[in-house]
Amino acid sequence: EAQVTQNPRYLITVTGKKLTVTCSQNMNHEYMSWYRQDPGLGLRQIYYSMNVEVTDKGDVPEGYKVSRKEKRNFPLILESPSPNQTSLYFCASSLSSMKGYEQYFGPGTRLTVT
Amino acid sequence: GIQVEQSPPDLILQEGANSTLRCNFSDSVNNLQWFHQNPWGQLINLFYIPSGTKQNGRLSATTVATERYSLLYISSSQTTDSGVYFCAVDPYSSASKIIFGSGTRLSIRP
């Protein structure tokens, strides 16, 4: 089944403890991205990747890192999480970095930082 | 940047009713998608519809790109249709992201 998977789905952690949220897609998609969703602010893009080893900042990249060493994986790294990073996170992918392709979203990761 | 407005913001209906959700956008787009966010937070793809009309069961969507709007129709609503419906556009002018509207929260009462 074609899908985008994220792990973990739920995570409660403490301030300053490094964590990684994994994202994987099995559709051979070039383009991948991360969004966060917050009440009243909607979905905002954190980082995106046009292809392997090509990443760039979205609208809210502060406090996050990403890497794209393989086409299928695009992990989101929080080196020192803070309470303002408590949010619902989505990974997304699309076939091509060319504009206009359908985007597919993972199931979401609900992160709480205390 | 492009503005994406959805209406109504909230909608409460009885089971079996029909509804129309609207998405207006302020600039030309490459693509438009409709999503349903269920009560568990998952974003479900409903339609990829840069233009024209598509139907999938009780749901259908129409995008009139020249007039910069899209409509999502839900017929014979069921309680499982409850959640938030988002439209998202891929603007010509943007770097590489889609822009989401603020959503329509739909509640279907049994």
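Above this text sits the structure in question.
Residues numbered from 1 in each chain as written. Chains lettered and ligands numbered in written order. Predicted model: local features only at pLDDT ≥ 70, side-chain atom pairs only at ≥ 80, totals over all residues. Heavy atoms only, no water.

### Side note on the overall build of chain B
Here is step 1 of the chain: Along chain B, the regular secondary structure elements total zero helices and eleven strands.
Here is step 2 of the chain: Secondary structure of chain B in N-to-C order comes out as β-β-β-β-β-β-β-β-β-β-β.
Here is step 3 of the chain: Relative to the compact-globule value of 13 Å for 110 residues, chain B shows a C-alpha radius of gyration of 13 Å, a close match.
Here is step 4 of the chain: With respect to the three principal axes, the spread of C-alpha positions in chain B is 45 × 25 × 20 Å.
Here is step 5 of the chain: A burial count over chain B gives 50% of its 110 residues as buried.
Here is step 6 of the chain: Sequence-distant contacts, at least 24 apart, represent 54% of the contacts inside chain B between residues at least 6 apart.
Here is step 7 of the chain: Carbon and sulfur atoms make up 47% of the accessible area of chain B, which totals about 5100 Å².
Here is step 8 of the chain: Charged side chains of chain B number 7 positive and 7 negative; the gap between the two group centres comes to 2 Å. (Helix = DSSP H or I, 4+ residues; strand = E, 2+ residues; numbered from the N terminus. Rg over C-alpha atoms; globule rule 2.2 N^0.38 Å. Buried < 20%, exposed > 50% of the residue type's maximum accessible area, 1.4 Å probe, protein only. Contact = heavy atoms within 4.5 Å. Areas by Shrake-Rupley, 256 points an atom, 1.4 Å probe, with all protein chains shown as cover. Lys, Arg positive; Asp, Glu negative; His and termini not counted. Charge placed at Lys NZ, Arg CZ, Asp CG, Glu CD.)

### So, unusual backbone geometry
Here is step 1 of the chain: Cis geometry is found at the peptide bond from asparagine 7 of chain A to proline 8 of chain A, where omega equals -5 degrees.
Here is step 2 of the chain: In this fold, proline 8 of chain A is placed in the loop between β1 (4-7) and β2 (10-13).
Here is step 3 of the chain: Residue serine 7 of chain B is joined to proline 8 of chain B through a cis peptide bond whose omega torsion reads -10 degrees.
Here is step 4 of the chain: Residue placement: proline 8 of chain B occurs in the loop between β1 (4-7) and β2 (10-14).
Here is step 5 of the chain: For glutamate 53 of chain A, which is not glycine, the phi torsion reads 65 degrees and is therefore positive.

### A look at the pattern of salt bridges
Here is step 1 of the chain: All chains considered together, the criterion is met by five salt bridges over all chains.
Here is step 2 of the chain: Salt-bridge contacts for arginine 44 of chain A lead to aspartate 38 of chain A; the nearest nitrogen and oxygen are separated by 2.9 Å.
Here is step 3 of the chain: Owing to a relative accessible area of 23%, arginine 44 of chain A belongs among the partly exposed residues under this scheme.
Here is step 4 of the chain: On the accessibility criterion, aspartate 38 of chain A (9% relative accessible area) is buried.
Here is step 5 of the chain: In this structure, aspartate 81 of chain B engages arginine 58 of chain B in a salt bridge whose closest nitrogen and oxygen atoms are separated by 2.9 Å. Of this pair, aspartate 81 of chain B sits in the loop between β8 (69-74) and β9 (83-91) while arginine 58 of chain B sits in the loop between β6 (52-56) and β7 (59-64), and the two are 23 residues apart along the sequence.
Here is step 6 of the chain: Residue classification places arginine 58 of chain B among the partly exposed residues on the basis of a relative accessible area of 25%.
Here is step 7 of the chain: It is possible to trace a salt-bridge network through shared partners that takes in Lys18, Lys65 and Glu79 of chain A. (Salt bridge = Lys/Arg side-chain N within 4 Å of Asp/Glu carboxyl O.)

### Section: the layout of surface pockets
Here is step 1 of the chain: Space inside the largest pocket adds up to approximately 480 Å³.
Here is step 2 of the chain: Sort the elements by how many residues they give to the lining of the largest pocket and β9 of chain B lands first, with three residues.
Here is step 3 of the chain: Split by residue class, the lining of the largest pocket holds eight nonpolar, twelve polar and three charged.
Here is step 4 of the chain: The space that makes up the second largest pocket amounts to roughly 290 Å³.
Here is step 5 of the chain: Lining the second largest pocket are 14 residues, with Ala2, Gln3, Val4 and Phe105 of chain A together with Leu43 of chain B sitting closest to its centre.
Here is step 6 of the chain: Secondary-structure elements contributing two or more residues to the lining of the second largest pocket are β1 and β10 (103-105) of chain A together with β5 (43-48) of chain B.
Here is step 7 of the chain: With three residues, β5 of chain B is the largest single contributor of residues to the lining of the second largest pocket.
Here is step 8 of the chain: Looking at the lining of the second largest pocket residue by residue, the class counts come to eight nonpolar, five polar and one charged. (1 Å grid on protein atoms, 1.4 Å probe; cavity = no way out; pocket = protein on both sides within 12 Å on 5 of 7 lines; lining within 4 Å. Points joined across faces, edges and corners; volume = space filled by probe spheres on them. Nonpolar A, V, L, I, M, F, W, Y, C, P; charged D, E, K, R; others polar.)

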